[in-house]
Amino acid sequence: RLEEKKTRSRRLFAKETIDNSQSKLSIICTANGLNEYEMNYVLPIFNVIFGGGTDSKLFKEVREKHSLCYSISSTPKKYDNLLMIQTGIDKENYSKTLELIEKLLLDMKKGKFENTDMDIAKEYYETAFDEVEESPDRLIDVYLAMEFLDSDDLDVKREKIKNVTKNEIVKVAKKIKMDTVFMLEGEKDEKVGI
């Protein structure tokens, strides 16, 4: 992993304009102080719950419930010690979208998610592990990672993912801090239905 980026004392906000009707909002969060277990097992479960798919908090709240965006997701960048949140929005939804993302991250830090959210996230990885076992190319990648990156084998990974607890997820969530908010603001006024 790269050296951890020190979290700013004040968030950096940047904005540029693009010749497009849709705006792009990217939020970079630092994920500092995570040990190997947290980075490899807890952060992935946190991410599936928070922003890793259509069952995530970001997708259900920001896109479906509040109709603030076209798409939204979060992605851990484990070798950079970062979490990236990306969304496509109308520029007038910028403040509301940012506020709601901040609230949802705070909710994760307070443990405001259900055991069923954890079950869905763990099932996602169980399915992914099954798919790896059915793919010779992906199995080779696993063995290469075991050999050169000191990665765990699939059975160990399954067991560690299965045993991630809510307290561990909350602990990781508390280490995730919003650092940089970057907006590519669309200049065209065309509206596209969400």
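One can find the structure itself at the top, above this paragraph.
Not measured: the values here are computed from a predicted model.

Q: Mind showing me how you'd approach the pattern of salt bridges here?
A: Side chains that carry opposite charge are capable of pairing whenever their charged atoms lie near each other. Evaluated as defined, the whole model comprises 13 salt bridges. Between Lys-65 and Glu-61 there is a salt bridge, and its shortest N-O distance comes to 4.0 Å. Of this pair, Lys-65 and Glu-61 both sit in helix H2 (residues 57-65), 4 residues apart, which is roughly one turn of the helix. Exposure remark for Glu-61: the relative accessible area of 23% places this residue in the partly exposed category. One salt bridge connects Lys-103 with Asp-107, and the closest N-O pair in it is separated by 2.7 Å. In this pair, Lys-103 and Asp-107 both sit in helix H3 (residues 94-109), 4 residues apart, roughly one turn of the helix.

Q: Explanation requested: the environment of Arg-8 in the structure shown.
A: Position of Arg-8 relative to the elements: it lies in the segment before strand E1 (12-18). In this structure Arg-8 comes out as partly exposed when scored by relative accessible area, which is 34%. As a C-alpha pair, Arg-8 and Thr-180 span 172 residues in sequence and 8.6 Å in three-dimensional space. Contacts of Arg-8, omitting those with residues within four sequence positions, involve Asp-179 and Thr-180.

Q: Before we go on, may I ask you to explain the side chain of Asn-32 in this structure?
A: When you line up the elements, Asn-32 lands in the loop between strand E2 (23-31) and helix H1 (36-50). Using a relative accessible area of 17% as the deciding quantity, one classes Asn-32 as buried. The residues contacting Asn-32, other than those within four sequence positions of it, are Glu-4, Lys-5, Lys-6, Thr-7, Asn-81 and Lys-175.

Q: What should I look at first to understand the packing of aromatic side chains in this one?
A: In this description, a pair of aromatic rings is defined by centroid distance and the angle of the planes. The final tally for this structure, using the stated rule, is 4 aromatic pairs. Pairing Tyr-124 with Tyr-125 gives two aromatic rings, centres 5.1 Å apart and planes at 85°, and the pair type is edge-to-face. On the basis of an interplanar angle of 45° and a centroid distance of 6.3 Å, the ring pair of Tyr-125 and Phe-129 is categorised as tilted. Linking Tyr-125 with Phe-129, this pair stays in helix H4 (residues 115-133), spanning 4 residues, or about one helical turn. You'll find Tyr-125 and Phe-129 in the same group, each marked buried. Cation over ring: Lys-15 sits above Tyr-94, and NZ or CZ is 5.1 Å from the ring centre. Taking the ring centre of Phe-113 as reference, the NZ or CZ of Lys-166 above it sits at 4.9 Å.

Q: When you look at the sheet that holds strand E5 (residues 176-186) in this model, what are you seeing that I'm missing?
A: To summarise the sheet geometry, strands pair through backbone hydrogen bonds and adopt either a parallel or an antiparallel arrangement. Strand order in the open sheet made by the 5 strands is E1-E5-E2-E4-E3, with mixed pairing throughout. A strand with exactly one partner marks an edge of an open sheet, and here the two such strands are E1 and strand E3 (69-77). The mean angle between the axes of side-by-side strands here comes to 15°, regardless of whether they run parallel or antiparallel. Summarising the sheet, E3 and strand E4 (residues 82-89) pair through 8 bridges and their orientation is antiparallel. Residue pairing for E4: Ser-71 is matched across the bridge by Gly-88. Most of the contacts of H3 go to E5, to which it runs at about 160°, and overall it touches E1, E2, E3, E4 and E5.

Q: What is the right way to look at the pairing of E5 in this model?
A: Note on strand geometry: in a regular strand, side chains alternate between the two faces of the sheet. With respect to burial, E5 is a largely interior element, 8 of its 11 residues being buried. The pairing of E1 with E5 spans 7 bridges and is classified as parallel. When the bridges of E5 are listed, Ile-18 appears paired with Gly-186.

Q: What am I meant to see in the nonpolar core here?
A: One recurring pattern in soluble globular proteins: nonpolar side chains tend to sit buried together. Core analysis: the biggest nonpolar cluster contains 47 residues, and Ile-27, Phe-46, Phe-50, Val-62, Ile-169 and Ile-176 have the highest contact counts within it. Top element by residues in this core is H1. It accounts for 9 residues. Ignoring sequence-local partners within four residues, the contact set of Ile-176 consists of Cys-29, Thr-30, Ala-31, Leu-43, Phe-46, Leu-83, Leu-105 and Lys-109.

Parameters at a glance
- Residues numbered from 1 in each chain as written.
- Predicted model: local features only at pLDDT ≥ 70, side-chain atom pairs only at ≥ 80, totals over all residues.
- Heavy atoms only, no water.
- Salt bridge = Lys/Arg side-chain N within 4 Å of Asp/Glu carboxyl O.
- Helix = DSSP H or I, 4+ residues; strand = E, 2+ residues; numbered from the N terminus.
- Buried < 20%, exposed > 50% of the residue type's maximum accessible area, 1.4 Å probe, protein only.
- Contact = heavy atoms within 4.5 Å.
- Phe/Tyr/Trp six-rings, centres within 6.5 Å; stacked < 30°, edge-to-face > 60°.
- Lys NZ or Arg CZ within 6 Å of the ring centre and 35° of its normal.
- Pairing = 2+ DSSP bridges.
- Axes fitted to C-alpha atoms, helices over the stretch in contact; angles between N-to-C directions.
- Core = buried A, V, L, I, M, F, W, Y, C linked by side-chain atoms within 4.5 Å.

Everything listed is a geometric property; what it means functionally is a separate question.
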